[in-house]
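# Survey of secondary and tertiary structure
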2 protein chains.
Amino acid sequence: MNTQATALAHPNIAFIKYWGLADQDRSLPANGSISMNLGPLATITRVACDPRLQEDTLTLNGQPVTGQGLARVQRFMDRIRNLAHQNRYAHITSENNFPIGTGLASSASGFAALALAGTAALGMELSQRELTALARFGSGSACRSIPGGFVEWRVDPTSGETYAQTIAPADHWDLADCIVILSEAHKPVGSEAGMRRAATSPLQAARVQDADRRLEICRGAILRRDFDALAAVTELDSNLMHAVMMTSEPPLYYWLPDSLAVMHTVKSWQHEGLEVTFTLDAGPNVHVITTQALMGEVTGRLRQLPGVLDVLNALPAGPARLLQD
Amino acid sequence: MNTQATALAHPNIAFIKYWGLADQDRSLPANGSISMNLGPLATITRVACDPRLQEDTLTLNGQPVTGQGLARVQRFMDRIRNLAHQNRYAHITSENNFPIGTGLASSASGFAALALAGTAALGMELSQRELTALARFGSGSACRSIPGGFVEWRVDPTSGETYAQTIAPADHWDLADCIVILSEAHKPVGSEAGMRRAATSPLQAARVQDADRRLEICRGAILRRDFDALAAVTELDSNLMHAVMMTSEPPLYYWLPDSLAVMHTVKSWQHEGLEVTFTLDAGPNVHVITTQALMGEVTGRLRQLPGVLDVLNALPAGPARLLQD
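Residues numbered from 1 in each chain as written. Chains lettered and ligands numbered in written order. Predicted model: local features only at pLDDT ≥ 70, side-chain atom pairs only at ≥ 80, totals over all residues. Heavy atoms only, no water.

### Side note on helix H7 (residues 227–246) of chain A
The condition is simple: Secondary structure follows DSSP: runs of H or I at least 4 residues long count as helices, runs of E at least 2 residues long count as strands, and numbering of each begins at the N terminus. By this rule, a helix spans an expected 1.5 Å times one less than how many residues it contains. Here a polar contact means two N or O atoms within 3.5 Å. Within protein one must be a hydrogen donor candidate and the other an acceptor candidate, and residues neighboring in sequence count only if both atoms are side-chain atoms.
Its 20 residues give H7(A) an end-to-end C-alpha distance of 28 Å, which sits within 8% of 28 Å, the value for a rise of 1.5 Å per residue. Its side-chain oxygen 3.3 Å from the backbone nitrogen of A:Asp228, A:Asp226 forms the N-cap of H7(A).

Below, the structure is given as structure tokens:
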């Protein structure tokens, strides 16, 4: 039986966003979501069981983690131990190959890698669907980093059934994500805390109610490789989420003035005829989605905009996977 | 019988916004709204009937107006002629004392002054309530510039009854509006055209459905002179309207990056303890609402922000009124 395992997972960018839970206890999202995995960005996580341990330890990017960060990982490992009927604790080491302080969430790739490495280290072999259902308890969007390529996280709020699955593989569509870094500051309010305010917005119910329509448009746009349709629904969905954030009680403002400047610039490039669109997660950085053919041109232009600290390039990437130790 | 009359009306700034019609033909707004009249800003309009005329003429700020601008005013005068059972045409001259190209809407003060001067010149004496119901056909928010001070535009969507009335006079509360001019460009999409898109947003119905709650909070905050309550509901309502705009089909982006910068700055001043809040109409300029005691301090600070072309000061003002010729 394995007692250690190492897994790699990519972060993902959502075209249709997850924001708000229908059921906190079961980690059921208020609506389904669709995303694209982002390589070469990755988290590599090693779980090594050690019979001498009384609790899990965590080292993230070479730094020991304590407090709430450790507790969150330990609760997730408890869940795996319950599934495995095991009582072994582990040394967990995790490395991101993308810079800390870029505002890029590592919780999706981190908990996807931990779900895979943790279950393997405890001797379990879950199906991909089971892994996605597990990973969401670490961080909702982590479930979308388990399957490869273009991924939909489905939810049936009545039955409570929820899982993520590939709707098209990574090589289906030559898209690129130019990630515009505008701030290296830590978010004043993290996604998990911010999301708990979603229901206080007068707009959240309407956003959720309209989600199936947007999911269908987005899924169809991906399957048909229809950039204009993807652009329209991606921008709409991003604006819907930020509308909920800015009308929550108290309001959450994640956009910086320079974020809005990038959005306006993307709109002006669309009028030039460029295949380019934008989406923002719970932070100020702007994901400018374009084609791989235009990636160099768009990156060069973005670097010249005011306030732009860096532009990272990412391409559609595969599923979470175990690595040889 | 009078055959000419001159009226003055002030523009107004809405704390609870009007955006979208429930019934286009009857000019019934989707929801009620609350505003404050703004002096010394004013439009002065003179209507002088002339039996030799075959149609109305219009001179705005010294310039003859033709085309759609003239046609809109002629349609409004036709409505007055119908009410008055009259067939006389008029020379209409209108002057704004606030700079053109500041993005300040003159349609509210303009049609309020025209409703009053036009009916007087045609020999009618309408009640204030009748005047508000008339003025809305020129421009919705014009009905709020007829009564004085703090004004609510009420609507009963079932009966179709709608009128505006004072909820507190101008001297009830020592508020001030510091109008931050960020752009002198003409709006790419005017309010009337933009508003017709409101129903295409997945958020408009929710915004409208929640309006009575916000109106009650706002009315109470004004009556109790509760700045913090006014600030919270004013910002929420502004964000709700811009959320609808940015999620319409096609989307409308009225905020400039510098608009968002002013909003963020106002939030930081609130954390310092300043009584200050913001609201934006269908344009990039930011109305920073504060107290008259703080007006000088706030204006000085605002002038130092990037992109600020000018800051205009305005105070609560009285009703539309006839002037001696």
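What follows continues from the structure just given.
### Some thoughts on the sheet that holds strand S7 (residues 57–60) of chain B
Residue and element names in this part refer to chain B. Under the convention used in this document: Any two strands between which DSSP finds at least two bridges are classified as paired. For every element, the axis is a line fit to its C-alpha atoms; helices are fit only across the contacting stretch, and the angle between N-to-C directions ranges from 0 to 180 degrees.
Pairing is mixed across the open sheet formed by six strands, whose spatial order is S8-S7-S9-S6-S1-S16. The open sheet is flanked by strand S8 (63–65) and strand S16 (321–323), the only strands paired with a single partner. Neighbour-to-neighbour, the strand axes of this sheet turn through a mean angle of 25°, independent of strand direction. Bridge count for S7 against S8 is three bridges, and the pairing is antiparallel. Its bridge partner lying in S8, leucine 60 is registered against glutamine 63.

### Description of the interface of chain A and chain B
Convention followed: Whether two residues are in contact is decided by their heavy atoms: any pair within 4.5 Å suffices. Computed with a 1.4 Å rolling probe, the buried area is the accessible surface lost when two parts are put together, summed over both parts. In the sections that follow, a salt bridge refers to a side-chain nitrogen of Lys or Arg positioned within 4 Å of a carboxyl oxygen of Asp or Glu. As a working rule, the residues Ala, Val, Leu, Ile, Met, Phe, Trp, Tyr, Cys and Pro are called nonpolar, Asp, Glu, Lys and Arg charged, and the rest polar, with Gly in that last group.
The partner chain B presents 23 residues to the 23 residues of chain A that form the contact. Interface area for chain A against chain B, summed over the two sides, is near 2000 Å², with a carbon-plus-sulfur share of 79%. The interface formed by chain A and chain B includes zero salt bridges. Linking chain A to chain B there are six residue pairs in polar contact (both at pLDDT 80 or more). Looking at the side of chain A that touches chain B, the elements with two or more residues in it are helix H5 (204–209), H7 and helix H8 (257–272) of chain A. Ranked by residues supplied to the side of chain A that touches chain B, first place goes to H8(A) with six residues. Taken together, the residues of the side of chain A that touches chain B sort by class into 16 nonpolar, three polar and four charged.

### With respect to the relation of the copies chain A and chain B
Test applied: A least-squares fit on C-alpha atoms brings the copies together, and the residues used are those whose pLDDT is at least 70 in both copies.
Note on the copies: chain A fits chain B at an RMSD of 0.0 Å, the axial shift is 0.0 Å, and the rotation between them is 180°. As the rotation angle and translation indicate, the two copies are arranged about a two-fold axis. In terms of C-alpha distance to the rotation axis, chain A has A:Pro257 as its closest residue, with the C-alpha 2.1 Å off the axis. When the interface residues of chain A are mapped onto chain B, 100% of them again lie at the interface, so the same face is used by both copies.

### Some words on the packing of helix H6 (residues 211–224) of chain B against helix H7 (residues 227–246) of chain B
Residues and elements named next belong to chain B. Note the cut-off: If you view the pair so one helix is near and one far, a crossing is left-handed when the near helix is turned anticlockwise from the far one by less than a right angle, and right-handed when it is turned clockwise.
Running from amino to carboxyl end, H6 crosses H7 at an angle of 145°, the nearest separation of the two axes being 9 Å. The two elements H6 and H7 cross, and the hand of that crossing is left-handed. Residues Arg213, Arg214, Ile217, Cys218, Ala221, Ile222 and Arg224 of H6 touch H7, and the partners they reach there are Ala229, Leu230, Val233, Leu236, Asp237 and Leu240. Across the contact of H6 with H7, the residue classes tally to nine nonpolar, no polar and four charged.

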